[in-house]
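Structural features, examined
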Amino acid sequence: MVSSVALLFGAVAAWAVYTYVSGLASNIAKARKANLPYIVVPAHPYNKLWQITFWIWVPLIKRLPKSWWEGWLFVLEPDWGYRGGRKVWEPFGENFLVVGPGAISLFTRNAETIRQVTARRELFPKDTTDYQILTMFGQNVLTTEGSLWRMHRKVTAASFNEKNAAHTFAESINQTHGLISEWLGPDGKGHKTITTAEHDTMTLALNIIGYVGFGLRLLWPGQTLPPDIDPKLAKYGSLEPPSGHTMSFAQALASTLEYLLVLLLVPWSVLKRLPFKWARNSWEAKENYMGYMDEFLQDKIAEVRQGEQPKDSMDIMGQLVRAKYGKSASESSELCDSDIIGNAFIIIVAGHETTANTLHFTFTELANNPAAQRALQKDVDDICGKDDPSTWNYESVINPLLASHLAAAMNETLRLMPAVPEIPKHVAPSRGDQVIIIDGEKHTLAAGMTVGLSAVSVQRNPRYWPTRPSKVQPGQDDLDDFEPERWFRSSDSARDEIEDGDTEDYGGFKGRDTSDSLFRPARGAFIPFSDGARSCLGRRIAQVEMLAALAVVFQKYSIELAVDEWASDDEVEKMSAEERRRLYKKAQDMCRATLRKASSRLTLKLHGGMHVPIRLVKRGEERFVNVVDTDELA
Ligand code: HEM
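This is a predicted model, so every value here is computed, not measured. (Residues numbered from 1 in each chain as written. Predicted model: local features only at pLDDT ≥ 70, side-chain atom pairs only at ≥ 80, totals over all residues.)

**Focus on the overall build of the protein**
The line we're drawing: For helices the rule is a DSSP run of H or I covering at least 4 residues; for strands it is a run of E covering at least 2, with both sets numbered from the N terminus onward. Values of the radius of gyration come from C-alpha atoms, whereas the globule rule sets the reference at 2.2 Å times the count of residues to the power 0.38. In this scheme every C-beta is placed from the backbone, and a residue whose C-beta has 20 or more other C-beta atoms within 10 Å is buried, one with 12 or fewer is exposed, and one in between is partly exposed. Any two residues are considered in contact once their C-beta atoms, placed from the backbone, lie within 7 Å.
A count of helical and extended segments in the protein gives 22 helices and 12 strands. Since a compact globule built from 634 residues should have a radius of gyration of about 26 Å, the 26 Å found for the protein is in line with a globular shape. Along the first, second and third principal axes, the C-alpha set of the protein runs to 80 × 65 × 55 Å. Put simply, the protein has 634 residues, and 44% of those count as buried. A separation of at least 24 residues holds for 74% of the contacts in the protein among residues at least 6 apart in sequence.

**Points about the site of the ligand**
Let me state the cut-off plainly: In this text, near has one meaning. A residue is near a molecule or strand if its C-beta atom, placed using the backbone, is within 6 Å of it.
Neighbouring the ligand are 22 residues, the closest being Ala350, Gly351, Thr354, Cys536 and Gly538. Going through the elements one at a time, helix H15 (337–368) and helix H20 (539–556) are the ones with two or more residues in the shell around the ligand. It is H15 that contributes the most residues to the shell around the ligand, six residues altogether.

**Points about helix H16 (residues 370–384)**
Put simply, the rule reads: A helix is expected to reach a length of 1.5 Å times the quantity of its residues less one.
For H16, with 15 residues, the first-to-last C-alpha span of 21 Å sits near the 21 Å given by 1.5 Å per residue. Among the residues making up H16, those that are buried are Pro370, Ala372, Gln373, Arg374, Ala375, Leu376, Gln377, Asp379, Val380 and Cys384. Check the buried side of H16 and you find it contacts H15, helix H17 (394–402), helix H18 (405–416), H20 and strand S9 (557–561). Phi turns positive one or two residues past the end of H16, at Gly385, with a value near 60 degrees.

**Looking at the pairing of strand S12 (residues 614–618)**
What counts here: Pairing between strands requires that DSSP locate at least two bridges from one strand to the other.
Across the five residues of S12, four count as buried, placing the element largely inside the fold. Pairing of strand S4 (residues 193–194) with S12 involves two bridges; the strand directions are antiparallel. Residue Ile194 lies in a different strand from S12, and its bridge partner there is Ile614. Pairing analysis gives five bridges linking S9 to S12, with the strands arranged antiparallel. Bridging from a neighbouring strand, Tyr557 pairs with Lys618 of S12.

**Observations concerning the UniProt feature "binding site: heme" (unreviewed entry) in the protein**
This is how it is decided: UniProt positions are given in the numbering used here, feature names are shortened, and annotations may be inferred rather than shown by experiment.
The UniProt record marks Cys536 with the feature "binding site: heme" (unreviewed entry), using the residue numbering of this structure. Along the polypeptide, Cys536 turns up in the loop between helix H19 (455–458) and H20. Under the C-beta neighbour-count criterion, Cys536 is labelled buried, with 22 such atoms within 10 Å. Those residues in contact with Cys536 that lie beyond four places of it in its chain are Phe529 and Ser530.

**Observations concerning the packing of H15 against H18**
When two helices pack together, their arrangement is given by the angle between their axes and by how far apart the axes lie. Applicable threshold: Interaxial angle, 0 to 180 degrees, is taken between N-to-C directions of lines fitted to C-alpha atoms, where a helix line uses only the stretch in contact. Oblique is the label for any angle not covered by the other classes, which are roughly parallel (under 35 degrees), roughly antiparallel (over 145) and roughly perpendicular (65 to 115). Each crossing gets its handedness from the near helix: less than a right angle anticlockwise from the far helix is left-handed, clockwise is right-handed. Throughout this entry, Asp, Glu, Lys and Arg are counted as charged residues, while Ala, Val, Leu, Ile, Met, Phe, Trp, Tyr, Cys and Pro are counted as nonpolar. The remaining residues, Gly among them, count as polar.
Where H15 meets H18, the axes come as close as 9 Å, and the angle between the chain directions of the two elements is 110 degrees. As summarised for this structure, H15 and H18 are arranged roughly perpendicular, according to the angle between their axes. Like other packed secondary-structure pairs, H15 and H18 cross with a definite hand, here right-handed. Between H15, through Thr358, Phe361, Thr362, Glu365 and Leu366, and H18, the contact on the second element is made entirely by Ala409, Met410, Thr413 and Leu414. In terms of residue class, the contact of H15 with H18 is built from five nonpolar, three polar and one charged.

**With respect to the sheet that holds strand S3 (residues 104–108)**
Sheet architecture is open: five strands sit in the order S1-S2-S3-S8-S5, paired in mixed fashion. Every interior strand has two partners, whereas the edge strands, strand S1 (38–40) and strand S5 (422–426), have only one. Strand-to-strand twist in this sheet, taken as the mean axis angle between neighbours without regard to direction, amounts to 20 degrees. Sheet analysis places S1 next to strand S2 (residues 95–99), joined by three bridges and oriented parallel.

**Examining the domain arrangement of the protein**
Let me state the cut-off plainly: Residue ranges labeled as domains rest on an automatic or database domain assignment.
In terms of domain boundaries, the protein breaks down into domain 1 (22–134 + 424–458) and domain 2 (149–351). For domain 1 versus domain 2, the separation of C-alpha centres amounts to 36 Å.

**Focus on the environment of Gly213**
Along the chain, the position of Gly213 falls in helix H8 (residues 197–214). Considered as a pair, Gly213 and Phe624 are 411 residues apart in the sequence and their alpha carbons are 40 Å apart. Discounting residues that sit within four places of it in the chain, Gly213 has contacts with Ile316, Met317, Ala344, Ile347 and Ile348.

**Quick look at the sheet that holds S9**
With antiparallel pairing, the three strands of this open sheet are ordered in space as S4-S12-S9. A strand with exactly one partner marks an edge of an open sheet, and here the two such strands are S4 and S9.

**Regarding the nonpolar core**
Here is the rule: Working definition: the nonpolar core is a set of buried Ala, Val, Leu, Ile, Met, Phe, Trp, Tyr and Cys residues, joined through C-beta atoms within 7 Å.
The biggest cluster of nonpolar side chains holds 111 residues, and the ones touching the most others in it are Leu253, Leu406, Leu547, Leu550 and Ala551. When residues in this core are grouped by element, the largest group, 14 residues, is from H15. Apart from the residues lying within four places of it in its own chain, the contact partners of Leu253 are Leu206, Gly210, Tyr289 and Ile348. The next biggest cluster of nonpolar side chains, apart from the first, holds 43 residues, and it includes Ala34, Tyr38, Val98 and Ile527.

**So, the environment of Thr193**
With respect to the secondary-structure elements, Thr193 resides in strand S4. Given 14 C-beta atoms within a 10 Å radius, Thr193 is considered partly exposed. A C-alpha to C-alpha distance of 8.0 Å links Thr193 and Leu616, two positions 423 residues apart in sequence. Apart from the residues within four sequence positions on either side, Thr193 is in contact with Ala562, Asp564, Pro613 and Arg615.

**Digging into H8**
The end-to-end C-alpha distance of H8 is 25 Å, a good match for the 26 Å that 18 residues give at a rise of 1.5 Å each. Of all 18 residues that make up H8, 16 are buried, and the element is covered over most of its length. Two residues or fewer after H8 comes Gly215, characterised by a positive phi angle close to 70 degrees.

**Some thoughts on the pairing of strand S8 (residues 450–454)**
Burial analysis of S8 places five of its five residues in the buried class, the great majority of the element. A two-sided burial pattern is seen for S8, the buried positions comprising Thr450, Gly452 and Ser454 on one face and Val451 and Leu453 on the other. Bridge analysis of S3 against S8 gives four bridges, and the strand direction is parallel. Across the sheet, residue Leu106 finds its bridge partner in S8, namely Val451.

**Focus: the environment of Met417**
Mapped onto the fold, Met417 is located in the loop between H18 and S5. Put simply, Met417 and Ala455 are 38 residues apart on the chain and 9.1 Å apart in space, counted from C-alpha to C-alpha. Among all residues touching Met417, those that are not within four sequence positions of it are Phe361, Ala598 and Leu604.

Structure, rendered in structure tokens:
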């Protein structure tokens, strides 16, 4: 008996060793065929078991002599692209392969490679198995491929037009007033240290996405609904839970997003029974959210059946309901109810945290870079003047804003801290090996190989971005620094297109990612919204939303880093300009160190309560940003 058990274990162990070694050998052969630099790792970075347990193994491996692990261990740590910076690429150039026993991946910071991958959607699709957990409320545009994706993309893209961008601009202006009131504090005077900027920009983006996704007006604490609001919408807009719910709609939405990873990873049948507070909270959020979605769907279907005209606002879910139940529904009738709820959910997920963090980092970087903030304020004054933001006309201000220091600051944040630092694709397993050309040489990528487009690395690659000496890191170039002014440098690169690229129209905004009057990076070198057919559907909405928020805030206010850690308000009051500059430098160094610690779970952000304290002050009442970096005032 004992010997048969030992035999069984021996056989299983032999099989495991054989699978491991033969898998590794086969992937090494594929790497050699690709003729690109490669490293061999004991476990692949995308291996789920490794992703859960890496924190146990990495410190253990680091106890071994450094020469044993320094050339490869970095790829097995999360966020190596963002945290490791450019030096990790030095041994490899712009493309390298990571070869593990179960998988092989190409990582690239080469624009030519990125162009070829993003332009050929069918040869380099998304690996939708990785996205299946995001189908928890229904199939949607992010989680599907092939003809199913086409259908989802077509129906959802219909809402992403200029008319709706203008509606979003107006709602962003309105919601930014809520953010400002929050930051000014109850006395409305400002000068109060804000440690919740990350949370507050999330609320701002949530309230805007509530409008984009459902046509709802969501409130900030202390606000009330307009008296003439449609009673059906009041139920969703109210800060109090209506009957049948234990949370308001906004609370249900915010908590569902807060507990998203729990809801994605823990089976619901288990979650329901777990005796922990986080499990109860996430379950309550999900139950409320699903309840609201069902009611919302039924309300919208009833509206369509009663022949009610659509409201003149952005409302993706309403538009999807009309696509299925309206008079001209034939084309899109393949949508089922869960697809509608699934798409509404994914638009919120895709458009909430991404925009919130970009805005949060832009506010923080502008506080950290007073010269950039002053240049931005000058442009707000020139474009918008002193007019009440509610009177700003979208058609006349949007293009000037897109060509201004506001867009330059937004682009610079997207360059340095893209919400999605690495965009995953793979070589379609059913289409065989694929050849790509890099600097005139052919390279064969094996079918099934995963491809990580490193946005964060290509966007700091000196081959594509003109550089100047860094003002913060002596002896280095300025590619790791926040320098919005870079977007006003001259461009000599053509927007290289791919000859056999996918040219079909998949809807969404058609213009470029950046204004023609700003620096135009080589195609593939600036991919915060990805590129090609599967690029971000909400790009224009996100840009419009962020520009509106920046313009409203900086028209009347400045943002400064808080210095409470080093000096009281009374002490600052008595300081000379030079003393203030020295003090602010401490806050600037601390700010840079904190931002370097950002990490990505869903998107790149400051996790675990990490924050950079800031203050909102009326223009003319600044303590620092009008005296720091003043030599740069032109
Ligand atoms: C700063 C803000 C944003 C950034 C940086 C961003 C970035 C991206 C990126 C990189 C992708 C491709 C992801 C991948 O291939 O895995 C993507 C896809 C997508 N984004 Fe955004 N996004 C932003 C805002 C938004 C907004 C506001 C919306 C909606 C209102 C939105 C809706 C979508 C959708 C639906 C997709 C999937 C498109 C498809 O697969 O066909 N995004 N986004």
